[in-house]
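What the coordinates show
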Amino acid sequence: MKLLFKIALTMTLAITLLACNGAGDQPDPTPDPTDTFEPDPTDTLDPDPTETVDPDPTDAYDPRSLVPERCDYLDNIDDWQPVWCDEFDEDGLPSPDRWAYDVGGHGWGNNELQYYTRANLNNAFIEDGVLHIQAIKESFQGNEYTSARLVTKYYGDWEYARIQVMARMPSGRGLWPAIWMLPTEWRYGGWPYSGEIDIMEYVGYDPGIIHGTIHTGAFNHSLGTQIGYSKAVPTAETEFHLYEMVWEPRRIRLYIDGEQFAIFGYNPDFRPHVSNTDAWPFDQPFHLILNVAVGGDWGGAQGVDDSIFPQSMEVKYVRVYQKDYAGMTDEPPSQVSGMTMMWNTHDQIRLKWNHAEHDVMVSHYNIYVDDVYHGRTTLNAYTADGLDPGGEYVITVEAVDFAGQAGPPRSILLTTDAVQTVTERIQAQDFISMRGVQVVTTDDTEGEQHITSISDGDEMSYVLQVVTPGTYRVHYRVRSDSGGEIALRSVSPRALAVTTVPDNTDGWVTITSEPFTIARAGVYTYRLVANVGGFEINYFEFERLEEDNGHD
């Protein structure tokens, strides 16, 4: 449960994420999408054998194969089978074989005011078939309020599911109840990188409005880029409503009383430079959380009314359904189509494609580089990295379903960018990134443009290849009235060389750094940092010294 704000912005982002035409950073020019070639259909590409499971064609599909005995009373919802359930039909504490507790009063990353207790009948209890998660005004462990946060972690963890929670919201300014999910394994790192799914959030100072949100590494409230929707439910505090999530590969939908109010999905053209896991980490097990917070950055934005306590979120039931994708499938996936490059660098190629067709659902795509297994993704885009500059690569994509059946592979021939060597003349405007400078038409004798308006702390970055290690110095073509200082930096925090720019150069001049050592060949990012600004630069070039202490 995290801070939600700027709803209009987030709704626009969410719609854009699913739109056919992406926004954000524009990709580099792509090759002709017809420039593909088909592999021999008799050829096979063998991924890691642990990645797939071969189905037994003699097994008949059982539409109730996933249903445990305790949920046998529930019917399927179409192909969704009940796999976990709690009707709260026994008074007392929540069932210890279905629920655990998050415990503590440290603010929970949102400056919340309550202490979450463990198995305390004052904060979490079942009565007459209803679970009560109750917030109380009382001093405990240094906090002024107590409440409960119930979790299914290790008792119920699901990758793709349909979750239904029948609930009624508490009433009062300062409350922040939620029905939400966090990853169990945190495969992609801590919050927000492994994701968060807010099925339902409610803040007491804004009664009758329900919110549904996702958070990821690239889209979260800390950056102001979270993706969220809101819906008016005037009777949220007086009546029970069904809050529901339907989560399948590459798509999450949220419903209230059977009416869809939010949809989230992945579009490779939206923010194409965002990594797959930063955009969509929802391909790992998540667990369910029910809680009532007090105060916090969002819930307490208008203070807390102490006269309202005690207050409870009431829950009649929780039901979780899943599909037996592997058992349902008969045919392997089709071949993907529309493969094209989105962008490339000296050591990376990012490509996208249209999803393969399948009778049930594609599980993931295996990626091969020059017939060698490189990785997998559940999305229809992938960044192949660890490549060589100026290289030519055959990249192959193969769709795999949940039964381990692979479709026909499709390949495309793509190249990485070539990289200048350090001993070539490097035009200053050819940076890969910069901070604070401007590019203008040059009046020097070499080059078409130069860098101007360089102030203290400005910098330009360049990717360059060192073919031969040894001792080098750098020649800079500069102009200055007031003088300055250039630091050449690479991966080390210590500058390779610091060079003083003289004042009153009376036009363009060439200045030279002190010698420095490059110990290994390779491709490096070099930064020109203006320790002291006040100069212009047209180009620079490295010179390898012949007498370099035995490196020859």
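Residues numbered from 1 in each chain as written. Predicted model: local features only at pLDDT ≥ 70, side-chain atom pairs only at ≥ 80, totals over all residues. Heavy atoms only, no water.

**Some points on the pairing of strand β37 (residues 522-532)**
- Bridging between strand β31 (residues 459-466) and β37 involves eight bridges; their strand directions are antiparallel. Following the sheet pairing, Ser461 is matched in β37 by Arg527. (Pairing = 2+ DSSP bridges. Helix = DSSP H or I, 4+ residues; strand = E, 2+ residues; numbered from the N terminus.)

**A look at the state of the cysteines**
- If you walk through the whole model with that rule in mind, you get one disulfide.
- Covalent S-S linkage joins Cys71 and Cys85, the inter-sulfur distance amounting to 2.1 Å. Handedness here is read from the sign of the S-S torsion; for Cys71 and Cys85, about -110°, the answer is left-handed. A residue pair is termed long-range when its members are at least 10 positions apart, and Cys71 in the loop between β1 (36-37) and β2 (81-86) and Cys85 in strand β2 qualify at 14 residues. (Disulfide = S-S within 2.5 Å.)

**Things to note about the pattern of salt bridges**
- A full pass over the atoms with the stated rule returns 23 salt bridges.
- Between Lys323 and Glu248 there is a salt bridge, and its shortest N-O distance comes to 3.2 Å. Highlighted residues: Lys323 in the loop between β19 (311-322) and α3 (325-328) and Glu248 in strand β15 (residues 241-248), separated in sequence by 75 residues.
- According to the relative accessible area criterion, Glu248 is buried, its value standing at 6%.
- Among the salt bridges present, the one from Arg425 reaches Glu541, with a minimum N-O distance of 3.4 Å. Pair noted here: Arg425 is in the loop between β26 (410-415) and β27 (426-427) and Glu541 is in strand β38 (residues 535-544), with a separation of 116 residues, a long-range link.
- For Arg425, a relative accessible area of 32% puts it in the partly exposed group.
- A cluster of three or more residues bridged by salt bridges with shared partners is formed by Glu248, Arg251, Arg253 and Lys323. (Salt bridge = Lys/Arg side-chain N within 4 Å of Asp/Glu carboxyl O. Buried < 20%, exposed > 50% of the residue type's maximum accessible area, 1.4 Å probe, protein only.)

**Here's the deal with the nonpolar core**
- Ranked by size, the top nonpolar core spans 75 residues in total, and within it Ile163, Ile179, Leu288 and Leu290 carry the most contacts.
- Once residues lying within four places of it in the same chain are set aside, the contact partners of Leu290 are Trp99, Leu131, Ile133, Ala148, Arg149, Leu150, Val165, Ala178, Ile179, Met313, Val315 and Val318.
- Listed in part, the 28 residues of the second largest apolar core include Ile426, Ile454, Ala497 and Ile518. (Core = buried A, V, L, I, M, F, W, Y, C linked by side-chain atoms within 4.5 Å. Contact = heavy atoms within 4.5 Å.)

**Notes on the sheet that holds strand β33 (residues 484-489)**
- The strand order across the open sheet built from five strands is β28-β31-β37-β33-β34, with neighbouring strands paired in antiparallel fashion. Each edge of the open sheet carries a strand with a single partner, namely β28 (433-435) and β34 (497-501). Between one strand and the next, the sheet's axes are offset by a mean angle of 25°, whatever the strand orientation. (Axes fitted to C-alpha atoms, helices over the stretch in contact; angles between N-to-C directions.)

**Observations regarding unusual backbone geometry**
- With an omega of 10°, the peptide bond between Trp191 and Pro192 qualifies as cis.
- Tracing the backbone through its elements, the reader meets Pro192 in the loop between β11 (175-183) and β12 (196-201).
- With omega at 0°, the peptide bond leading from Phe309 into Pro310 counts as cis.
- Checked against the element boundaries, Pro310 lands in the loop between β18 (286-294) and β19.
- Residues other than glycine seldom take positive phi values, yet Asp370 does so here, at roughly 50°.
- Along the chain, Asp370 turns up in the loop between β22 (362-369) and β23 (372-377).
- Non-glycine residue Ser453 carries a positive phi angle of around 55°.
- On the secondary structure map, Ser453 appears in the loop between β30 (449-452) and β31.
- Judged by relative accessible area, Ser453 falls into the partly exposed class, the value being 35%.

**Description of a negative patch on the surface**
- On the surface, Asp89, Glu90, Asp91, Glu127 and Asp128 cluster together to form a negatively charged patch.
- For Glu90, the location among the structural elements is in the loop between β2 and β3 (100-101).
- Given a relative accessible area of 61%, Glu90 falls into the exposed group. (Patch = residues over 30% accessible without salt bridge, like charges linked within 9 Å, V, L, I, M, F, W, Y side chains within 5 Å. Areas by Shrake-Rupley, 256 points an atom, 1.4 Å probe, with all protein chains shown as cover. Lys, Arg positive; Asp, Glu negative; His and termini not counted. Charge placed at Lys NZ, Arg CZ, Asp CG, Glu CD.)

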